[in-house]
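The lines below spell out each chain.
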Amino acid sequence: MTRQEVLNSIKANVENKNLVKHMLATEAIMRALARHLGENEDEWGLTGLLHDIDVELTGGDMNTHSKLGADLAREMGASEAMAHAILCHNAAHGIPCETRLDKALFCADPITGLITAAALVRPDKKLAGVEAKSVRKRFKEKSFAAGASREQISSCSELGLELEEFIALSLEAMKGIAEDLGL
Ligand SMILES: [Fe+2]
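Residues numbered from 1 in each chain as written. Predicted model: local features only at pLDDT ≥ 70, side-chain atom pairs only at ≥ 80, totals over all residues. Heavy atoms only, no water.

A short note on the overall build of the protein
Put simply, the rule is: Put simply, DSSP H or I for four residues or longer makes a helix, DSSP E for two residues or longer makes a strand, and each gets a number counted from the N terminus. It is over C-alpha atoms that the radius of gyration is taken, and the globule rule equals 2.2 Å times the number of residues to the power 0.38. The rule is simple: take the accessible area with a 1.4 Å probe, protein chains only, and divide by the maximum for that residue type; under 20% is buried, over 50% is exposed, in between is partly exposed. Working rule for contacts: check all heavy atoms of both residues, and any pair within 4.5 Å makes them a contact. Exposure was quantified through the Shrake-Rupley algorithm and a 1.4 Å probe, taking into account, for residues, occlusion by the shown protein chains and nothing else. In this count, Lys and Arg are taken as positive residues and Asp and Glu as negative ones, while His and the chain termini are left out. We put the charge of a Lys on NZ, of an Arg on CZ, of an Asp on CG and of a Glu on CD.
Counting its regular elements, the protein contains ten helices and zero strands. Reading the secondary structure of the protein in the N-to-C direction produces α-α-α-α-α-α-α-α-α-α. For 183 residues, the compact-globule formula gives about 16 Å, and the C-alpha radius of gyration of the protein, at 15 Å, lands near that figure. Structurally, the protein occupies a C-alpha span of about 40 × 35 × 30 Å along its principal axes. Scored against the burial criterion, the 183 residues of the protein give a buried share of 49%. Taking the contacts inside the protein whose residues are at least 6 apart along the sequence as the reference set, 64% of them involve residues at least 24 apart. Roughly 8700 Å² of accessible area belongs to the protein as shown, and the carbon and sulfur atoms make up 51% of that amount. If the 21 positive side-chain charges of the protein are averaged to one point and the 28 negative ones to another, these points end up 9 Å apart.

What about the coordination of the iron ion?
To keep things clear, this is the line we draw: Coordination partners: N, O, S within 2.8 Å of the metal, 3.2 Å for Na, K and Ca; water not considered, so apparent gaps in a site are possible. Here a site with four donors is tetrahedral if all angles are between 85 and 135 degrees, and a site with four or six donors is square planar or octahedral if opposite donors are over 155 degrees apart and the other angles are between 65 and 115; anything else gets the irregular label.
For the iron ion, the full set of protein donor atoms is His22 (NE2), His51 (NE2), Asp52 (OD) and Asp109 (OD), at a range of 2.1 to 2.2 Å. Considering all four donor atoms around the iron ion, the spread of angles at the metal, 82 to 170°, places the coordination shape in the irregular class. Each donor residue of the iron ion lies on the same chain, and together they follow the pattern H-x28-H-D-x56-D. One end of the pair, aspartate 52, is in the loop between helix 3 (41-50) and helix 4 (67-75); the other, aspartate 109, is in helix 6 (residues 100-120), and 57 residues separate them in sequence. Taking the relative accessible area as the measure of exposure, aspartate 52 reaches 7% and is therefore buried. On the accessibility criterion, aspartate 109 (15% relative accessible area) is buried.

Overview of the packing of helix 2 (residues 17-37) against helix 6
Formally: Angular values range over 0 to 180 degrees, each being the angle between N-to-C directions of two axes fitted as lines to C-alpha atoms, with helices fitted over their stretch in contact. Each angle gets one of four labels, with under 35 degrees taken as roughly parallel, over 145 as roughly antiparallel, 65 to 115 as roughly perpendicular, and the rest as oblique. What makes a crossing left-handed is the near helix being turned counterclockwise from the far one by less than a right angle; a clockwise turn instead makes it right-handed.
Interhelical geometry of helix 2 versus helix 6 gives an angle of 135° and a closest axis separation of 9 Å. Between helix 2 and helix 6, the angle is such that the two are oblique. By crossing handedness, the relation of helix 2 to helix 6 is classed as right-handed. Contacts from His22, Ala25, Thr26, Ile29, Met30, Leu33 and Leu37 in helix 2 reach Arg100, Leu101, Ala104, Leu105, Ala108, Asp109, Ile111 and Thr112 in helix 6.

Details of the environment of arginine 136
Inspection of the secondary structure assignment puts arginine 136 in helix 7 (residues 132-140). Arginine 136 sits 109 residues away from glutamate 27 along the chain, and the two C-alpha atoms are 21 Å apart. The residues contacting arginine 136, other than those within four sequence positions of it, are Leu163, Glu164 and Ile167.

Brief notes about the pattern of salt bridges
For side chains bearing opposite charge, pairing can occur when the charged atoms are close. Filter applied, for reference: Each reported salt bridge corresponds to a side-chain nitrogen of Lys or Arg within 4 Å of a carboxyl oxygen of Asp or Glu.
Tallied over the entire structure, the rule returns 14 salt bridges. Two residues, arginine 74 and aspartate 71, come together in a salt bridge whose shortest N-O distance is 2.9 Å. One end of the pair, arginine 74, and the other, aspartate 71, are both in helix 4, three residues apart, so they sit about a helical turn from each other. Arginine 136 is the partner of glutamate 164 in a salt bridge, and the nearest nitrogen-oxygen pair spans 2.7 Å. With a gap of 28 residues between them, glutamate 164 in helix 9 (residues 163-175) and arginine 136 in helix 7 connect regions that are remote in the sequence. Under the relative-accessibility criterion, arginine 136 is labelled partly exposed at 22%.

Description of helix 6
Formally: Each helix should span, by expectation, one fewer than its residue count multiplied by 1.5 Å.
Look at helix 6: 31 Å from first C-alpha to last across 21 residues, which is about the 30 Å you get at 1.5 Å a residue. Judged by how many residues are buried, helix 6 sits mostly within the fold: 17 of 21 residues are covered.

Some points on the nonpolar core
Soluble globular proteins tend to bury their nonpolar side chains together. Filter applied, for reference: Only buried Ala, Val, Leu, Ile, Met, Phe, Trp, Tyr and Cys residues count toward a nonpolar core, and they belong to the same one when joined by side-chain atoms within 4.5 Å.
The biggest cluster of nonpolar side chains holds 60 residues, and the ones touching the most others in it are Leu33, Leu127 and Phe166. Among all residues touching leucine 33, those that are not within four sequence positions of it are Trp44, Ala104, Ala108, Leu161, Phe166 and Leu169.

A few points about the packing of aromatic side chains
Note the threshold: Pairing of aromatic rings covers Phe, Tyr and Trp, the last counted by its six-membered ring, and requires centre-to-centre distances within 6.5 Å; plane angles under 30 degrees mean stacked, over 60 mean edge-to-face, and any other angle means tilted. By the criterion adopted, a ring carries a charge over it if an Arg CZ or a Lys NZ lies within 6 Å of its centre and within 35 degrees of its normal.
Tallied over the full model, the rule gives zero aromatic pairs. It is arginine 150 that lies over the ring of phenylalanine 139; its NZ or CZ is 5.7 Å from the centre.

Take a look at the structure:
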C-alpha cells in the first residue's frame, strides 16, 4: 500500500476538507511519533492518514465507524496491526488499545483538534506563532476545543511520553505541513 493509493482512496471517499486536513495532521504526528520511538514510520503514518476514511461512509454512526474503516484498510493491503489500530481508535467499540501503534493513534487523533484550535484563535490564524506552552495552557482550559478529549491526549503516557513532550512533538509535526493544513 502506497501513500498515493491512500490519498486516492481519501479523494474518493472524503469530501469534507477539514476532515482530510485532520487525517493529514494525524499522519504527520504519527510519523513523528514513529521516528521518536524507533518504529516503522510509513506503517504508523499511513495508519494515521487512513484512520477516518469511513467517517462520511458511515454517516458519523459511531457503531460502525472504524469497523468499516478497518475493513477498507485491509482491502487496501494494510497490515492487521494497522487495521487493529484503526478499529480500536473509536472507543465506542470498547476494544482496548494493546500495541504501541494502537496507543499512538489513540492519543494522536484528538491532539490535532487542540492544536488546530490554538492556531485559529490567533489573529493570523497560523501555526507558525503557536508555542508549545500556549497549547499546554489551552489543554488545561476544559471549554477550549472541548471535543479534543484531554483524557485521550493524556494517554500518551502509555507510550512513555510526558504530556509536554507529546505536545511539542505534535506541534512541530503539524508545523511541518502547515501549508497543507491551511494554517
Ligand atoms: Fe480522527
